[in-house]
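Each chain, letter by letter, is given below.
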Amino acid sequence: MTAYATRADLYQYLQQLSSAADTPDDGLVDAILDRATSIIDGALGFHFAGYAGSASAQQIVSYGAPVLDLPPHQAGSVASVAYGGSVIDRAAWRETEAGALAIVDPTTWQWFPRHSVWDVARWQHGLYAVTAAWGYGAPPASIVQVCLELSVNIWRAKDKGMFTDTIGVDGSGGVRYIGGLTNLQQQIIRNERARIIGIVV
């Protein structure tokens, strides 16, 4: 697992640290960045790690819908779609902005049945072999920012025991401290998860 932020990024936030290679705190800083990344991944449900270096085939199940939903992949990387061992004509389908495959010309492939009521072409029920560059891509700037904010909080909390929501007696005398994910950070993660896989946590 690669951390979403680098040591150099974090040094810009923690001016008391040196970016020299022999800094005694480097090992701890790296561990904190890894922990912050792990927290984000736990909320996302996946890890941003770029795309596969080369396209590969995956088996995709169709339930007879007008579009064939695909797992996360690099936009525009779908190279071929096959059904029952036969490659479907490239002119018969297109990739939508949402990353699904829509039928363009059902007359070019015999296995595009039409719905009897709406006369809408649908993907045949069954398994399709789709070749594409799979993956979640590089972490967006918003996720890098959340990683940095979490790392700063973990660093500053390590010597203070500030791993609770409230310091002191809960109520008017307590001082609010957020050592975990703030509301804004949680919303950023929810937005990115929805953008990638269409599910809000």
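Description of the structure in this document.

Let's shift gears to the overall build of the protein. The helix and strand tally for the protein stands at four helices and 11 strands. Restricting the contact set of the protein to residue pairs at least 6 apart, pairs at least 24 apart contribute 66%. When the accessible surface of the protein is split by element, carbon and sulfur atoms take 53% of a total near 11200 Å².

Strands sit in the order 3-7-6 across an open sheet of three strands; the sheet is antiparallel. Either end of the sheet is taken by a strand with one partner, and the two such strands are strand 3 (67-68) and strand 6 (93-95). Relative to strand 7 (residues 101-103), strand 6 is paired through three bridges, and the arrangement is antiparallel. Looking across to strand 7, one finds that Glu95 is bridged to Leu101.

Our next topic: a nonpolar patch on the surface. Taken together, the side chains of Val61, Tyr63 and Leu127 make up a nonpolar region of the molecular surface, amounting to roughly 350 Å² of accessible area. Here Leu127 lies in strand 8 (residues 126-132).

Attention now goes to the packing of aromatic side chains. Here the structure, examined in full by the defined rule, presents five aromatic pairs. On the numbers, 6.1 Å between centres and 70° between planes, the contact of Tyr4 with Phe48 is edge-to-face. With a gap of 44 residues between them, Tyr4 in the segment before helix 1 (7-13) and Phe48 in the loop between helix 2 (26-44) and strand 1 (50-51) connect regions that are remote in the sequence. No difference in accessibility class separates Tyr4 from Phe48, as the two residues are buried.

Once that is clear, we can look at the environment of Val87. Looking at where Val87 falls in the secondary structure, it is placed in strand 5 (residues 86-87). On the accessibility criterion, Val87 (56% relative accessible area) is exposed. Setting aside chain neighbours within four positions, we find Val87 in contact with Val81, Ala82 and Trp109.

This part is about the nonpolar core. Tyr4, Leu10, Ile40, Leu44, Ile143 and Cys147 are the most contacted members of the largest nonpolar core, which totals 24 residues. Elements that contribute at least two residues to this core include exactly helix 1, helix 2, helix 3 (141-157) and helix 4 (183-197). In terms of residues, this core owes the most to one element, helix 3, which gives nine residues. Those residues within four positions of Leu10 in sequence are excluded, and the remaining contacts are Val29, Leu33, Leu148, Ser151 and Val152.

Our next topic: helix 4. For helix 4, which comprises 15 residues, the first-to-last C-alpha distance of 21 Å matches the rise-based estimate of 21 Å (1.5 Å per residue) to within 8%. Burial in helix 4 covers these residues: Gln185, Ile188, Ile189, Glu192 and Arg193. Seen along its axis, helix 4 keeps its buried residues to an arc of 130°; they face one direction. Turned more than 90 degrees off the buried face of helix 4, the exposed positions are Asn183, Leu184 and Arg195. Next to the buried residues of helix 4 lie helix 2 and helix 3.

Structurally, the position occupied by Asp41 is in helix 2. Nearest to the buried, unbridged Asp41 among oppositely charged side chains is Arg193, at 9.9 Å. A distance of 2.7 Å separates the side chain of Asp41 from the side chain of His47, its partner in a polar contact. Each residue touching Asp41, except ones within four places of it in the same chain, is listed here: Met1, Tyr4, Phe46 and His47.

Pairing between the strands of a sheet comes from backbone hydrogen bonds, and it takes one of two forms, parallel or antiparallel. Pairing is antiparallel across the open sheet formed by four strands, whose spatial order is 2-8-4-5. The two strands at the open ends of the sheet, each matched to only one other strand, are strand 2 (56-62) and strand 5. Across four bridges, the pairing between strand 4 (residues 80-83) and strand 8 is antiparallel. When the sheet's bridge partners are listed, Tyr83 is paired in strand 8 with Tyr128.

The rules we used
- Sequence order sets the numbering: in each chain, residues are counted from 1 along the sequence as written.
- With pLDDT at 70 or above as the cut-off, local features in this predicted model cover only qualifying residues; side-chain atom pairs require 80 or more to be listed or tallied, and sums for whole chains, interfaces and linings still use all residues.
- Side-chain figures throughout are based on the complete set of non-hydrogen atoms in the structure, without hydrogens or water.
- Secondary structure elements follow DSSP: runs of H or I no shorter than four residues count as helices, runs of E no shorter than two count as strands, and numbering proceeds from the N terminus.
- The contact definition used throughout considers only heavy atoms, calling two residues in contact when any of these lie within 4.5 Å.
- Using the Shrake-Rupley algorithm and a 1.4 Å probe, accessible areas are obtained, with residue cover drawn only from the displayed protein chains.
- Any two strands are treated as partners once DSSP identifies two or more bridges connecting them.
- Candidates for patches are residues over 30% relative accessible area with no salt bridge; among them, like charges are joined within 9 Å and nonpolar side chains (Val, Leu, Ile, Met, Phe, Trp, Tyr) within 5 Å.
- A pair is scored as a salt bridge if a Lys or Arg side-chain nitrogen falls within 4 Å of a carboxyl oxygen belonging to Asp or Glu.
- Pairing of aromatic side chains here covers Phe, Tyr and the six-membered ring of Trp, requires ring centres within 6.5 Å, and sorts the geometry by plane angle: under 30 degrees stacked, over 60 edge-to-face, intermediate tilted.
- Each residue is assigned to one of three classes by its accessible area relative to the maximum for its type, calculated with a 1.4 Å probe on protein chains only: buried under 20%, partly exposed between the two thresholds, exposed over 50%.
- The set of buried Ala, Val, Leu, Ile, Met, Phe, Trp, Tyr and Cys residues whose side-chain atoms join them within 4.5 Å is what this entry labels a nonpolar core.
- To estimate how far a helix should extend, the number of its residues minus one is multiplied by 1.5 Å.
- Comment: arc refers to directions from the helix axis out to C-beta atoms.
- His is not counted, nor are the chain ends; Lys and Arg add positive charge and Asp and Glu add negative charge.
- Within 3.5 Å is the distance limit for a polar contact, defined as a pair of N or O atoms, with the added protein rule that one can donate a hydrogen and the other accept it, and that residues adjacent in sequence qualify only through two side-chain atoms.

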